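Residue-level listing of the chains:
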Amino acid sequence: MIFLNGQTSGELHAALASAGVSLRLARQLLRTAVRTGAWPAPGALSEVSPRLLERLRDVAAVPRLTRLERVESAEDGFVKYLFRGDGPETFEAVRIPLLHRPEDPKYVVCVSSQAGCALGCVFCATGRLGFRRDLAAWEMVEQVAQIQADSPHPVRGVVFMGMGEPLLNYDAVIRAARILSEPCGMAIAGKAISISTAGIVPGIRRFTAEKQPFRLVVSLTAADPVLRRRLMPVEAAHPTAELMAAVREYHAATGLRVTFAWILIAGVNTREDDARQLAALTRDLPITLDLIDVNDPTGRFQPPSRAELDAFRDALTAHVGMPVARRYSGGKDIHAACGMLAGRLPPA
Ligand code: SF4
């Protein structure tokens, strides 16, 4: 069965051309499937006869996610959605409000790419679940489409930073990103779609070789390989040295500044030495550093105090000298913040 909301328009055209579907019609089918979540009504598409539409029903479908819950943060307007797709596993997406410019209110959606995750970062609730399964492209597209349908303002950005490691589900993630960015899909600009990785080196190399138009974010969190291995077991399979070689290739091929995410953990990776090691690791490489407070529901890891954070920022400015942004990780009261997604609702 061909899913109209799970293929790019080019793929739909290739798959359905023998049934009489032109590229123009493929675009209309994709647009209708993504934006309405429904099979096209007879007569709704100028390009297609009711008979052809009926014939297509035998080979194509528009699957939908079941929305199990929607919880809105009373603190900051973040909204967490719990979905079920093609299987019993549940997964989450988060709507992040960008309402600081009243003349252009919009949202970014944080999408899950897998149910659970195999990488086991010690500060992450998803990692504690273990890996359940990869999500299909349509299941990722539908997270964004359903949230758009539920929203008063447009979704203008997507971050693949929810549950799962996107580069371990590479084909489906890239297909979903393409559908989201197609003008006849969700028409979200490629550079407003970020794909985050904990450091899957072959995936980064493939991303570079394929000249993907999306943004890459690398979760580094520690520049010392021994510490990194303690926090992010993926370091054992893809050591920092190899990761940095792949990141440098990415920069050389694209000319883009590389964005690193750094999960801030009090007393663990916020010392002057951490800044010094990061400076040594990234020498001559233009980077942006996103600092994100750890959100560990177990309480084992704590975010730094104001004073500790200020001291770390000063050290980064002194040693690294690159732009540092503190990314607000909201929705803590509804367990929607970075690292808190666990495919279930918070206790009432
Ligand atoms: Fe997986 Fe990302 Fe959580 Fe690490 S932080 S366990 S890569 S979901």
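Computed from a predicted structure; not experimentally measured.

Along the protein chain, the regular secondary structure elements total 12 helices and 14 strands. Computed over C-alpha atoms, the radius of gyration of the protein chain comes to 21 Å, within 12% of the 20 Å expected from 2.2 N^0.38 for 348 residues, which places it in the range of a compact globule. Taking the principal axes of its C-alpha atoms as reference, the protein chain extends roughly 70 × 50 × 40 Å. Per-residue burial over the protein chain gives 53% buried out of 348 residues.

Looking at the ligand, the residues that line it are Cys 117, Leu 119, Gly 120, Cys 121, Cys 124, Thr 126, Gly 127, Gly 164 and Ala 198. When the residues that make up the shell around the ligand are grouped by side-chain class, the tally is 5 nonpolar, 4 polar and no charged.

The subject of this paragraph is the packing of helix α1 (residues 9-16) against helix α2 (residues 23-36). Relative orientation and spacing of two packed helices are given, respectively, by the angle between their axes and the distance between those axes. Interhelical geometry of α1 versus α2 gives an angle of 120° and a closest axis separation of 8 Å. Our classification of the angle between α1 and α2 gives oblique. The handedness of the crossing between α1 and α2 comes out as right-handed. Between α1, through Ser 9, Gly 10, Leu 12 and His 13, and α2, the contact on the second element is made entirely by Leu 23, Ala 26, Arg 27 and Leu 30. Across the contact of α1 with α2, the residue classes break down as 4 nonpolar, 3 polar and 1 charged.

A few words on the pairing of strand β3 (residues 66-72). For β3 and strand β4 (residues 79-84), the ladder comprises 6 bridges, and the chain directions are antiparallel. Bridge pairing in β4 places Arg 67 opposite Phe 83. Hairpin connection between β3 and β4: a loop of 6 residues separates the two successive antiparallel strands, and Gly 77 in this loop has a positive phi of roughly 80°.

Turning our attention to the pattern of salt bridges. Applying the stated criterion across every chain yields a total of 20 salt bridges. Its salt-bridge partner being Arg 306, residue Asp 310 comes within 3.1 Å of it at the nearest N-O pair. Of this pair, Asp 310 and Arg 306 both sit in helix α12 (residues 306-319), 4 residues apart, which is roughly one turn of that helix. Overall, the relative accessible area of 31% leaves Asp 310 in the partly exposed class. You can call Arg 306 exposed: its relative accessible area is 54%. By sharing partners, the salt bridges in this structure join Arg 67, Arg 70, Glu 72 and Asp 150 into a single network.

Before going further, it helps to spend a moment on the sheet that holds strand β13 (residues 287-293). Strand order across the open sheet formed by 10 strands is β3-β4-β5-β6-β9-β10-β11-β12-β13-β14, with mixed pairing between neighbours. Each edge of the open sheet is held by one strand with a lone partner, namely β3 and β14 (324-326). Averaged over neighbouring strand pairs, the angle between their axes works out to 25° when direction is ignored. Relative to strand β6 (residues 106-110), strand β5 (residues 90-98) runs antiparallel, the two sharing 5 bridges.

The next point concerns the environment of Thr 221. Here Thr 221 is to be found in the loop between β11 (215-219) and α8 (225-231). The exposure class assigned to Thr 221 is buried, which follows from its relative accessible area of 0%. Along the primary structure Thr 221 and Leu 264 are separated by 43 residues, whereas in three dimensions their C-alpha atoms are 7.4 Å apart. If we ignore the near neighbours within four places in the chain, the residues touching Thr 221 are Phe 123, Leu 231, Met 232, Ala 261, Trp 262, Ile 263 and Asn 269.

All right, on to helix α11 (residues 272-281) then. Burial in α11 covers these residues: Asp 274, Ala 275, Leu 278 and Ala 279. Along the long axis of α11, the arc covered by the buried residues comes to 140°, so they all point the same way. The elements touched by buried residues of α11 are α8, β12 (258-264), β13 and α12.

A few words now on the pairing of β11. Most of β11 sits inside the fold, with 4 of its 5 residues counted as buried. Taken together, strand β10 (residues 193-197), helix α7 (residues 201-209) and β11 form a β-α-β motif whose crossover is right-handed.

Our next topic: the domain arrangement of the protein chain. Its domain assignment divides the protein chain into domain 1 (2-61) and domain 2 (66-334). Domain 1 and domain 2 are separated by 33 Å when their C-alpha centres are compared. In this complex, domain 1 contributes 12 residues to the contact, which on the side of domain 2 involves 14 residues. Together, the buried faces of domain 1 and domain 2 total about 1,100 Å²; carbon and sulfur atoms form 57% of this surface. For the pair domain 1 and domain 2, the number of links is 1 salt bridge. Taking the shortest distance from any N to any O, the salt bridge between Glu 11 and Arg 175 comes out at 2.9 Å. Applying the counting criterion to the domain 1 and domain 2 interface returns 5 residue pairs in polar contact (both at pLDDT 80 or more). Looking at the side of domain 1 that touches domain 2, the elements that each hand over two or more residues are α1 and α2.

Rules used throughout
- Residues numbered from 1 in each chain as written.
- Predicted model: local features only at pLDDT ≥ 70, side-chain atom pairs only at ≥ 80, totals over all residues.
- Heavy atoms only, no water.
- Helix = DSSP H or I, 4+ residues; strand = E, 2+ residues; numbered from the N terminus.
- Rg over C-alpha atoms; globule rule 2.2 N^0.38 Å.
- Buried < 20%, exposed > 50% of the residue type's maximum accessible area, 1.4 Å probe, protein only.
- Near = heavy atom within 4 Å.
- Nonpolar A, V, L, I, M, F, W, Y, C, P; charged D, E, K, R; others polar.
- Axes fitted to C-alpha atoms, helices over the stretch in contact; angles between N-to-C directions.
- Parallel < 35°, antiparallel > 145°, perpendicular 65-115°, else oblique.
- Left-handed = near helix turned anticlockwise from the far one by under 90°.
- Contact = heavy atoms within 4.5 Å.
- Pairing = 2+ DSSP bridges.
- Salt bridge = Lys/Arg side-chain N within 4 Å of Asp/Glu carboxyl O.
- Arc of directions from axis to C-beta.
- Right-handed = clockwise from strand over helix to strand, strands pointing away.
- Domains from an automatic or database assignment.
- Buried area = accessible area lost by both parts, 1.4 Å probe.
- Polar contact = N/O pair within 3.5 Å; in protein donor to acceptor, adjacent residues only side chain to side chain.

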